[in-house]
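Tertiary structure, described
Residue strings, one per chain:
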Amino acid sequence: MDRRLFLTYVGSSTAALVAASSGIGALTGNAMTGDHLMNGQPSGKGKPLTTPFKPLSRTWENDVVLPNGYNYSIIASYGDVINSKGEKFGDAADLTVYFPIDSLKGGNNSEEGLIWVNHEFPEPDNYMKMLGINESTFKKENLANYPELLKMEKEAVGGSVIHVKKEKDGWKLVVDDTYNRRVDGNTQIELTGPARGSSYVNGATSVVGSLGNCSGGRTLWNTALSCEENTEYGDDYGWPNFIDNHYGWVVEVDPFDPKKPVRKHTALGRFSHENTAMGLTNDGRVVVYMGDDKSDACFYKFISSKKFNPSNREANFDILESGTLYVASMSQQKWIALDHATNTKLSGFKDQADVLTNARAAGIAVGGTKLDRPEDVEIHPHDGTVFLSLTNNTGHGNFHGQIVRFAPANGDHASESFTFEVFVAGGQQSGITCPDNLHFDSKGNLWVVEDYGATETNQYAAYKNCGVFMIPTDGKEYGEPFQFASGPKGSELTGPWLTPDERTLFLDVQHPSTWNPYPGQTFGRSCLVAVQGGNFK
């Protein structure tokens, strides 16, 4: 019996126990099955969704394994030179966002475009091997005495803009100085919003570098949003003069114009940002959903003060500089405004700049629900419901996580109330574990990647290498994960993104265990790959 039928048969009281055992808890006090919460209807519209490929079985194979008829090619690996200045593709590739080359003219070119790629963290152990540094005697406190290593670390993070084109033999990197460039640990970045210039960011109006860039998203005006997740990375690696509160923000980059300043938007709050999912309220304002990727952290949304202008791109460039940040209370099924001027529970914070810089503490102070590592969040393309990955929380005994689906009241993202259900619970019954990045295709199928470290003896042994899954959100296969890809040993497959014609799926291979010091070797380094050969919807 599948999970959905099981919940239908057992009734709401036992369904609450099932939800609790999967880590989300019986938070509403009257937990019901997903069908009741969603008015008896599965999400999505149109034809029932089916799987366009023969699903894989779990494997330890050290490769990107795909169904019959599909193939992949590596577009760029860590260390590849991307322009005449000698800038190199960064490490730990994570988010990919594809922009058709004709995007600014309203086009959907699926064979040439720009890709923004996040580079989450450096891998110092590997760089020390390349530089001949003795790892056994190295101490991070002395990193300033190793300028080449420090330079490699700072140039490995942030993100890359690369020009790509589909050729007869696959996708290729176009070495093009018009577009290709790096944002890294040395880039000068402007601060915007209420915390700009405040004491909570040490008076800064601009900061140096971006770090911990995990996932992110694409804006309605064709810029990339890159999310700074692990703000402590600089301290972890021993970067001299590291200022922690200059990181942990959402970064906006215009891939089409290198002259446009890179900006960190403080109005969206500071925490371990996983990604952004952008939509519109019924009255035309921009909503941005965000998860705080930490155990016992919260789920947030931002609503802009200004309305989106679909006819003037430039008019939207300041839209993320002012608005209201909210945190989700699952027990109340409502969004609580993190507004210092109106929320008396924030009286312990000095002002709005304090609230935003310490958004995690502020969210908990007003009653935000502590969740099990809220990571990627995406909006369903047909019904507007919001899907959130809760990857896991081993401290709660939740090793496999779940995906939760939220329905805003009246279908309006501006609404302060919502209902929710557990869409997929990780574990043996579903066959998926530790869901991370999400991506929807045009039919409403949900594409999911995983984040865990399996060994042959730990709790993830049966799941083997991390994979990519497609989960229909309508039809007879509703909520059933089907495995599409498996990654190399030790890696996560991250950043799934489809071209507009849905004939290419971009993925990143992050931190494969088979590191080697030579670029161009298969999975010797983190890399961006293009998957082709069949249907993705």
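In what follows, the accompanying structure is described. Everything quoted here is computed from the prediction, not taken from an experiment. (Residues numbered from 1 in each chain as written. Predicted model: local features only at pLDDT ≥ 70, side-chain atom pairs only at ≥ 80, totals over all residues. Heavy atoms only, no water.)

Some words on empty space enclosed by the protein
Here the structure, examined in full by the defined rule, presents two cavities of 30 Å³ or more. Counted as a void, the second largest cavity has a volume near 50 Å³. Along its surface, the second largest cavity is lined by Tyr289, Trp335, Val386, Phe406, Ala407, Pro408 and Phe418. A per-element tally of the lining of the second largest cavity places strand β22 (residues 402–408) first, with three residues. (1 Å grid on protein atoms, 1.4 Å probe; cavity = no way out; pocket = protein on both sides within 12 Å on 5 of 7 lines; lining within 4 Å. Points joined across faces, edges and corners; volume = space filled by probe spheres on them. Helix = DSSP H or I, 4+ residues; strand = E, 2+ residues; numbered from the N terminus.)

Concerning the layout of surface pockets
When its volume is computed, the largest pocket comes out at roughly 850 Å³. Lining the largest pocket we find 35 residues, and of these Arg218, Glu378, His439, Phe440 and Trp497 sit closest to its centre. Of all the secondary structure elements, the ones that give two or more residues to the lining of the largest pocket are β2 (93–100), β9 (213–218), β13 (277–280), β20 (374–379), β24 (435–440) and β28 (492–498). Within the lining of the largest pocket, the residues separate by chemical class into 13 nonpolar, 17 polar and five charged. (Nonpolar A, V, L, I, M, F, W, Y, C, P; charged D, E, K, R; others polar.)

A word on the pattern of salt bridges
Evaluated as defined, the whole model comprises 18 salt bridges. Close ionic contact of Lys172 with Asp169 constitutes a salt bridge, the shortest N to O distance being 3.5 Å. Residue class for Lys172 comes out partly exposed when judged on its relative accessible area of 35%. Exposure remark for Asp169: the relative accessible area of 56% places this residue in the exposed category. With its nearest N and O atoms 3.6 Å apart, the salt bridge here joins Asp451 to Arg373. Within this pair, whereas Asp451 is found in the loop between β25 (446–450) and β26 (467–471), its partner Arg373 is found in the loop between β19 (371–372) and β20, the two being separated by 78 residues in sequence. Under the relative-accessibility criterion, Asp451 is labelled buried at 16%. Residue class for Arg373 comes out buried when judged on its relative accessible area of 17%. Overlapping salt bridges bring together Asp293, Arg373, Glu375 and Asp451 as one network. (Salt bridge = Lys/Arg side-chain N within 4 Å of Asp/Glu carboxyl O. Buried < 20%, exposed > 50% of the residue type's maximum accessible area, 1.4 Å probe, protein only.)

Some details on the side chain of Ser226
Within the element layout of this structure, Ser226 appears in strand β10 (residues 224–228). Side-chain polar atoms of Ser226 contact the side chain of Asn213, separated by 2.9 Å. Setting aside chain neighbours within four positions, we find Ser226 in contact with Trp116, Asn118, Asn213, Ser215, Gly216, Trp249, Val250 and Val251. (Polar contact = N/O pair within 3.5 Å; in protein donor to acceptor, adjacent residues only side chain to side chain. Contact = heavy atoms within 4.5 Å.)

Points about the environment of Glu232
With respect to the helices, strands and loops of the structure, Glu232 is situated in the loop between β10 and α6 (233–237). Residue classification places Glu232 among the partly exposed residues on the basis of a relative accessible area of 33%. Taking the C-alpha atoms as reference points, Glu232 and Leu211, separated by 21 residues in sequence, lie 9.2 Å from one another.

So, the sheet that holds strand β30 (residues 527–532)
Here we have four strands laid out as an open sheet, ordered β1-β30-β29-β28, and antiparallel in their pairing. Of all strands in the sheet, those bounded by a partner on one side alone are β1 (71–77) and β28. With direction set aside, neighbouring strand axes in the sheet form an average angle of 25°. (Pairing = 2+ DSSP bridges. Axes fitted to C-alpha atoms, helices over the stretch in contact; angles between N-to-C directions.)

Observations concerning the packing of helix α4 (residues 124–131) against helix α5 (residues 147–156)
Orientation of α4 relative to α5, taken along the N-to-C sense of each, is 135°, at an axis distance of 10 Å. Between α4 and α5, the crossing angle belongs to the class labelled oblique. Note that α4 runs across α5; the crossing there is right-handed. Between α4 and α5, the contacting residues are Pro124, Tyr127, Met128, Met130 and Leu131 on the first element and Glu148, Leu149, Met152, Glu153 and Ala156 on the second. For the contact of α4 with α5, the class distribution of residues is eight nonpolar, no polar and two charged. (Parallel < 35°, antiparallel > 145°, perpendicular 65-115°, else oblique. Left-handed = near helix turned anticlockwise from the far one by under 90°.)

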